[in-house]
Amino acid sequence: MAYVISDECIACGTCAGECPVGAIADAGSKYEIDADACMDCGTCAGACPVGAISQG
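Reading guide: rules and limits
In this numbering scheme, every chain counts its residues from 1 along its sequence in written order. Per-residue local features are limited, in this predicted model, to residues with pLDDT of at least 70; the limit for side-chain atom pairs, both in listing and counting, is 80 or more; totals at the level of whole chains, interfaces and linings are taken over all residues. Side-chain metrics rest on all non-hydrogen atoms present in the structure, leaving aside hydrogens and water. Put simply, DSSP H or I for four residues or longer makes a helix, DSSP E for two residues or longer makes a strand, and each gets a number counted from the N terminus. This radius of gyration counts C-alpha atoms alone. The globule rule is 2.2 Å times how many residues there are, raised to the power 0.38. The contact criterion used is simple: two residues touch if any of their non-hydrogen atoms lie within 4.5 Å. Side-chain atoms within 4.5 Å are what join buried Ala, Val, Leu, Ile, Met, Phe, Trp, Tyr and Cys residues into a set we call a nonpolar core. When accessible area is computed with a 1.4 Å probe and restricted to protein chains, residues below 20% of their type maximum are described as buried, those above 50% as exposed, and intermediate ones as partly exposed.

K.L.:
So what exactly am I meant to see when it comes to the overall build of the chain here?
P.N.:
From N to C terminus, the chain includes two helices and four strands. In terms of overall size, the chain behaves like a compact globule, its C-alpha atoms giving a radius of gyration of 9 Å where 56 residues would be expected to give roughly 10 Å. On the principal axes, the C-alpha backbone points of the chain span a range of 25 × 20 × 20 Å. Partitioning the contacts of the chain with sequence separation of at least 6, the portion at a separation of at least 24 is 55%.

The structure is reproduced here in structure tokens:
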């Protein structure tokens, strides 16, 4: 199951820089994860400074 980014996202971009497959993109007020590209590694969740990423 792919990871998702909640509305708690502060759009800092840390997660996007850590994603090994480039599945995270800036969507304006927050970042979004492409569920089809996400490989469920959890690297983004560990990198998020506000804990806005969880397994969906």
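Next comes the rest of the account.
K.L.:
Can you walk me through the nonpolar core in this structure?
P.N.:
Most often, soluble globular proteins keep nonpolar side chains buried together rather than apart. Ranked by size, the top nonpolar core spans 15 residues in total, and within it Ile5, Cys15, Ile24, Ile33, Cys44 and Ile53 carry the most contacts. Those elements that place two or more of their residues in this core are strand E1 (3-5) and strand E3 (31-33). The contacts of Ile33, once residues within four sequence positions are left out, are Tyr3, Val4, Ile5, Ala23, Ile24, Cys38, Cys44 and Ile53.

K.L.:
Mind showing me how you'd approach unusual backbone geometry here?
P.N.:
Across residues other than glycine, the phi torsion is negative in most instances, and most of the peptide bonds are trans. The phi torsion at Ala11 lies on the positive side, around 55 degrees, for a residue other than glycine. Here Ala11 is to be found in the loop between E1 and helix H1 (14-18). Ala11 sits in the partly exposed class, given a relative accessible area of 28%. Of note, Asp40 is a non-glycine position whose phi angle comes to about 60 degrees, a positive value.

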